[in-house]
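# Notes for the structure review
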Amino acid sequence: MFKINDNYLKLPGSYLFSTIAKKVAAFSEANPDKNIIRLGIGDVTQPLAPAIIHSLHKAVDEMAVKETFRGYAPDLGYEFLRSAIAKNDYQDRGCEIAADEIFVSDGAKCDSGNIQEIFSIDNRIAVCDPVYPVYVDTNVMAGRAGTYDPKAETWSDVIYMPCTAENNFAPDLPKETPDIIYLCFPNNPTGSTITKSQLQDWVDYANKVGAVIIYDAAYEAYISEEDVPHTIYECEGARTCAIELRSFSKNAGFTGTRLGFTVIPKELKCGDVSLHSLWARRHGTKYNGAPYIIQRAGEAVYTPEGKAQLKEQIAYYMKNAKVIYEGLKDMGYTVSGGVNAPYIWLKTPDNMTSWEFFDYLLEKANVVGTPGSGFGPSGEGYFRLTAFGTYENTVAAVERMKKL
Ligand SMILES: *Cc1c(COP(=O)(O)O)cnc(C)c1O
């Protein structure tokens, strides 16, 4: 008789985005004449850039010809893509990362979920609060999170690092010592960043206490300010304590196309055991990377044409971010983010809870956003709007909010 993994039963009932979808569906059924604007879910809306499409077509044609057909991709991913990543994302920024330290994958969500499998169940994890829910959820499923307190909305064995207005949405070093530290900057959902010297403090701390940092840099392409690091490997000592996760989803529109990568430096070890070699066992199989066609599409991201086209795409989203940020500020909201990330984080007015504000905005302005409380207990009383809509919809949403 089969048994299930009890840890799955510990997950609280409803996933944030399915609750939102249900509420929106109910509202639009009751109000079929209302035009709803969605500034909620973190998905891109602009089509793939021409350079990427060109590369995709070419790779598809290669698959039709005996001489250029490809079967299973090599372990770690194709050399052409890993070299382009190593050069453009790391070496050109003065970071010592080699092509064979890069593991190409089908996206950062899978990697951020799977990476915990190489660590003992006895490790304590620390997470920014609020943050992208995948880190905690996957540790719950693995049995590393302890028990859930539905009232506090916290897990007994997780170390929460509040990111609030008091610390400018940048976590303080935790009081209890964690073994695995998840950091996500630019942050989803707050849009906040930390400076290179703040990140250096984390690297120094991790090396001192023997912790590993899992650094999610999915929004690296949105960084506009000088002193914000693009990768953790800009910090000295990061090669002995940090894993970095990257994605092509938010910088190049690959949310449906699927491509990402994980960096594990060769020096990252637990005693004599290299994490690089462990992840190669877990991940470097011929099956769970990304297809040849998609890796060729990723290569196009690093060509001069690709870079120019994607710069425009990011500028488009960041123009939306500015419309939301400045519009809300003019209306008297307390807002942050939106400068190095496509996310705007606002304090709900009149002490509304996150969900009260969600309902209010949906009913009164027909605008959908994301309740901050869905990203962790410190997100209560906050709300996330995203810059991924069209410019026209973004302007219209802000105009509607002005009339409230
Ligand atoms: C969107 C997102 C990702 C995941 O991207 P993939 O589409 O799975 O590559 C990872 N981390 C954060 C913080 C994200 O917001």
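Procedures and definitions
- Residues numbered from 1 in each chain as written.
- Predicted model: local features only at pLDDT ≥ 70, side-chain atom pairs only at ≥ 80, totals over all residues.
- Heavy atoms only, no water.
- Near = heavy atom within 4 Å.
- Polar contact = N/O pair within 3.5 Å; in protein donor to acceptor, adjacent residues only side chain to side chain.
- Areas by Shrake-Rupley, 256 points an atom, 1.4 Å probe, with all protein chains shown as cover.
- Helix = DSSP H or I, 4+ residues; strand = E, 2+ residues; numbered from the N terminus.
- Pairing = 2+ DSSP bridges.
- Axes fitted to C-alpha atoms, helices over the stretch in contact; angles between N-to-C directions.
- Phe/Tyr/Trp six-rings, centres within 6.5 Å; stacked < 30°, edge-to-face > 60°.
- Buried < 20%, exposed > 50% of the residue type's maximum accessible area, 1.4 Å probe, protein only.
- Lys NZ or Arg CZ within 6 Å of the ring centre and 35° of its normal.
- Contact = heavy atoms within 4.5 Å.
- Patch = residues over 30% accessible without salt bridge, like charges linked within 9 Å, V, L, I, M, F, W, Y side chains within 5 Å.
- Salt bridge = Lys/Arg side-chain N within 4 Å of Asp/Glu carboxyl O.
- Core = buried A, V, L, I, M, F, W, Y, C linked by side-chain atoms within 4.5 Å.

## A word on the site of the ligand
Near the ligand there are 13 residues, and of these Asp216, Tyr219, Ser247, Ser249 and Lys250 occur at the shortest range. A distance of 2.7 Å separates an oxygen atom of the ligand from a polar backbone atom of Ala108. One of the side-chain nitrogen or oxygen atoms of Lys250 is found 3.3 Å away from an oxygen atom of the ligand. When isolated, the ligand has an accessible area of 390 Å², and the protein chains bury 94% of it. For the shell around the ligand, the secondary structure elements donating two or more residues are helix H5 (108–114) and helix H8 (249–252).

## A word on the sheet that holds strand S13 (residues 335–337)
If you trace the four strands from one edge of the open sheet to the other, you get S13-S14-S17-S16, paired in antiparallel fashion. Each of the sheet's edge strands pairs with one partner strand only, and the pair in question is S13 and strand S16 (370–371). Of the strand pairs in this sheet, strand S14 (residues 343–347) and strand S17 (residues 382–386) are connected by five bridges, and their pairing is antiparallel. Its bridge partner being in S17, Ile344 is matched across the sheet by Leu385.

## Things to note about the sheet that holds strand S3 (residues 125–129)
What the seven strands build is an open sheet, ordered S2-S10-S9-S8-S7-S3-S6; its pairing is mixed. Among the strands making up the open sheet, the edge pair consists of strand S2 (102–105) and strand S6 (158–162). Averaged over all pairs of adjacent strands, the angle between their axes in this sheet comes to 20 degrees, without regard to strand direction. By the bridge criterion, five bridges tie strand S7 (residues 180–184) to strand S8 (residues 212–216) in an arrangement that is parallel. Note on S8: the bridge partner recorded for Ile181 is Ile213.

## Observations regarding the packing of aromatic side chains
Enumeration according to the criterion identifies 23 aromatic pairs in this entry. For the ring pair Tyr333 and Phe357, a centre distance of 6.3 Å and an interplane angle of 70 degrees mean the geometry is edge-to-face. Pair noted here: Tyr333 is in the loop between helix H11 (304–330) and S13 and Phe357 is in helix H12 (residues 354–365), with a separation of 24 residues, a long-range link. Residue class for Phe357 comes out buried when judged on its relative accessible area of 0%. Of the aromatic side chains, those joined through ring pairs into one cluster are Tyr219, Tyr222, Tyr316, Tyr317, Tyr343 and Phe388. The aromatic ring of Tyr391 is capped on one face by Lys319, whose charged end is 4.3 Å from the ring centroid.

## What to know about the side chain of Asn251
By the secondary structure assignment, Asn251 is in helix H8. Classification of Asn251 by relative accessible area gives buried; the value is 15%. Setting aside chain neighbours within four positions, we find Asn251 in contact with Ala221, Val301, Leu310, Gln313 and Ile314.

## Examining a nonpolar patch on the surface
Together, Phe2, Ile4 and Leu9 give the surface a local cluster of nonpolar side chains, amounting to about 390 Å² of exposed area. Along the chain, Leu9 turns up in helix H1 (residues 6–10). Relative accessible area serves as the criterion here: at 61%, Leu9 is assigned to the exposed category.

## Description of the nonpolar core
Ranked by size, the top nonpolar core spans 86 residues in total, and within it Ile52, Leu183 and Ile213 carry the most contacts. Ignoring sequence-local partners within four residues, the contact set of Ile213 consists of Ile181, Leu183, Trp202, Val203, Ala206, Ile232, Cys241, Ala242 and Ile243.

## Overview of unusual backbone geometry
Outside of glycine, negative phi angles account for most residues, and trans bonds account for most peptide bonds. Geometrically, the link from Phe185 to Pro186 is a cis peptide bond, its omega value of -10 degrees lying close to zero. Tracing the chain through its elements places Pro186 in the loop between S7 and helix H7 (196–209). Along the chain, Asn188 connects to Pro189 via a cis peptide bond; the corresponding omega equals 20 degrees. As for its position among the elements, Pro189 is in the loop between S7 and H7. The phi dihedral of Asp350 falls on the positive side, at around 50 degrees, and the residue is not glycine. A positive phi angle is found at Asn366, which is not glycine, with a value near 55 degrees. Position of Asn366 relative to the elements: it lies in the loop between H12 and strand S15 (367–368). We classify Asn366 as buried; its relative accessible area is 9%.

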